[in-house]
Amino acid sequence: MTAVKFLQLGTETIQQLMYASTATVTMQLMKRGLRTMAINLRPVNPSATRMVGPAYTLRYIPAREDIDLPPKPTDPENAQKHAVENAPPGSVLVVSTGPELRSGTFGDILVARMQVRGLAGIVSDGAMRDVPVVSKMKLPVFSACAAAPPSMTTLHPVDVQVPIGCGGVPVYPNDIIVSDADGVVVIPRHMAAEVARDSFEQERLEKFVAMRVKQGHTIPGLYPPNDENKALYQKWVDAGEPEDG
């Protein structure tokens, strides 16, 4: 299978998705008939959860003892090494392990390398090594659990930039990955601009609604808004979204 060329994401789309929560993005996906695009993984560092970027995919299969040996300096490049050194800045490395949880997808040195190279984050449905160190890094990393053994104990890297399944969710190269403390969501690439636009608008509307609720207003007619509250919302937007309404 031929690897898919990586496509960067526009600045406006990134900004709109960074403004929106994953909860909002899932609502926009549901409106478009997609109900199962959230990957149920947790952040390794709860203080580093926000990322937006195109998926650069890496696929593992189960390891085999005669092939997956301790690394040597003379080893040729494999898919894991290629991903670490070639996933573009701004991309999210999305990893499929099967899921195999008995060994770590990456350790602290490889994660540090990807952070220095400017990746937006890492998502793996497998385990992560060196969690005490990775949990202090600023790069968003999502995984299923922690594991001490190195990847070649049970994993063999085979492909980059091919369609994969990550945590039961189909991820195609260049799909858009969005994350926060609630988890990770996948947006099909062809929907990215409109989902970003509508997620931004929903997020801003809900900011207005939350403000009105805190002021004592009731939910009926406010969420979703009737014509009166739509007019009040537009007036609030035109006024620069003041905190006191």
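That block above? That's the structure.
One numbering rule holds for all chains: residues counted from 1, following each sequence as written. Totals for whole chains, interfaces and linings use every residue, but because this is a predicted model, local features are given only for residues with pLDDT of at least 70 and side-chain atom pairs only at 80 or more, for both listing and counting. Just so you know, side-chain values use all the structure's heavy atoms and leave hydrogens and water out.

### A short note on the layout of surface pockets
Cavities and pockets are found on a 1 Å grid laid over the protein atoms alone: a cavity is a set of points where a 1.4 Å probe fits but cannot escape, a pocket is an open set with protein on both sides within 12 Å along at least five of seven lines, and a lining residue has an atom within 4 Å of such a point. Grid points are joined across faces, edges and corners, and a volume is the space filled by probe spheres set on the points. By volume, the largest pocket is sized at about 610 Å³. Contributing to the lining of the largest pocket are 28 residues, with P71, N78, Q80, K81 and M152 lying nearest its centre. Listing elements by their share of the lining of the largest pocket, those giving two or more residues are α3 (79–86), α4 (108–117) and β9 (155–160). For the lining of the largest pocket, the residue count by class is 13 nonpolar, 7 polar and 8 charged. In this structure, the second largest pocket occupies an estimated 170 Å³ of space. Mapped by element, the contributors of at least two residues to the lining of the second largest pocket are α2 (22–31) and α6 (192–214). The secondary structure listing takes helices from DSSP runs of H or I that are at least 4 residues long and strands from runs of E that are at least 2 residues long, numbered from the N terminus. Each residue gets one of three labels, nonpolar for Ala, Val, Leu, Ile, Met, Phe, Trp, Tyr, Cys and Pro, charged for Asp, Glu, Lys and Arg, and polar for the others, Gly among them.

### Focus on a nonpolar patch on the surface
Each patch groups residues whose relative accessible area exceeds 30% and which form no salt bridge, using 9 Å between like charges and 5 Å between nonpolar side chains of Val, Leu, Ile, Met, Phe, Trp and Tyr. Computed by Shrake-Rupley with a 1.4 Å probe, the accessible areas treat only the displayed protein chains as cover when residues are assessed. Salt bridge, as used here, is a side-chain nitrogen of Lys or Arg placed within 4 Å of a carboxyl oxygen of Asp or Glu. A cluster of nonpolar side chains, namely V213, I219 and Y223, defines an oily patch on the protein surface of about 250 Å² accessible area. Tracing the sequence through the fold places Y223 in the loop between α6 and α7 (227–238).

### With respect to the pairing of strand β5 (residues 121–124)
Of the two faces of β5, the one holding G121 and V123 and the one holding I122 and S124 are both buried throughout. Judged from the 2 bridges that link them, β5 and strand β7 (residues 141–143) form a sheet pairing that is parallel. Bridge pairing in β7 places V123 opposite F142. When accessible area is computed with a 1.4 Å probe and restricted to protein chains, residues below 20% of their type maximum are described as buried, those above 50% as exposed, and intermediate ones as partly exposed. Only when DSSP finds a minimum of two bridges between them are two strands counted as paired.

### Points about the pattern of salt bridges
Tallying each qualifying case throughout the model produces 11 salt bridges. D66 serves as the salt-bridge partner of R64, at 2.7 Å between the closest nitrogen and oxygen. On the basis of relative accessible area, R64 is assigned to the partly exposed category, the value being 49%. Among the residues examined, D66 registers a relative accessible area of 52% and is labelled exposed. Of the charged contacts, one joins E201 and R204 as a salt bridge, the two residues approaching to 2.9 Å between their closest N and O atoms. Pair noted here: E201 and R204 are both in helix α6, with a separation of 3 residues, about one helical turn. Given the relative accessible area of 31%, E201 is considered partly exposed. The network of salt bridges with shared partners includes R32, E194, R197 and D198.

### Looking at the packing of α6 against α7
What counts as an axis is a line fitted to C-alpha atoms, over the stretch in contact for a helix, and the angles between N-to-C directions run from 0 to 180 degrees. With their axes 11 Å apart at the nearest point, α6 and α7 run at an angle of 105° to one another. Overall, the two elements α6 and α7 adopt an arrangement that is roughly perpendicular. Here E201, R204, L205, K207, F208, M211 and R212 of α6 come into contact with α7, specifically with N229, L232, Y233, W236 and V237. Angles below 35 degrees are treated as roughly parallel, those above 145 as roughly antiparallel, those between 65 and 115 as roughly perpendicular, and all remaining angles as oblique. We call two residues contacting when some pair of their heavy atoms lies within 4.5 Å.

### Structural notes on the packing of aromatic side chains
Whether two aromatic rings pair depends on their centres lying within 6.5 Å, for rings of Phe, Tyr and Trp, where Trp uses its six-membered ring; planes under 30 degrees apart make the pair stacked, over 60 edge-to-face, and the rest tilted. Enumeration over the complete set of coordinates arrives at 4 aromatic pairs. With a centroid separation of 6.0 Å and an interplanar angle of 35°, the aromatic rings of Y233 and W236 are classed as tilted. With Y233 and W236 both in helix α7 and 3 residues apart, this pair spans about one turn of that helix. Residue classification places Y233 among the buried residues on the basis of a relative accessible area of 7%.

### Some points on the packing of helix α1 (residues 11–19) against α6
At a minimum axis separation of 8 Å, α1 and α6 run at an interaxial angle of 40°. Crossing geometry of α1 relative to α6 is assigned as left-handed. Of α6, the residues touching α1 (which contributes T13, Q16, L17 and Y19) are A192, A193, A196, R197, F200, E203, R204 and K207. For the contact of α1 with α6, the residue count by class is 6 nonpolar, 2 polar and 4 charged. Note on convention: the crossing is left-handed when the near helix lies turned anticlockwise from the far helix by less than a right angle, right-handed when the turn is clockwise.

### So, α1
Of all the positions in α1, only T13, Q16 and L17 are classed as buried. Down the axis of α1, the sector holding all buried residues measures 95°, keeping them to one side. Exposed and oriented more than 90 degrees from the buried face of α1 are T11 and Q15. Close packing links the buried residues of α1 with α2, β3 (51–62), β12 (176–180), β13 (183–187) and α6. The arc in question is the one traced by the directions running from the helix axis out to the C-beta atoms.

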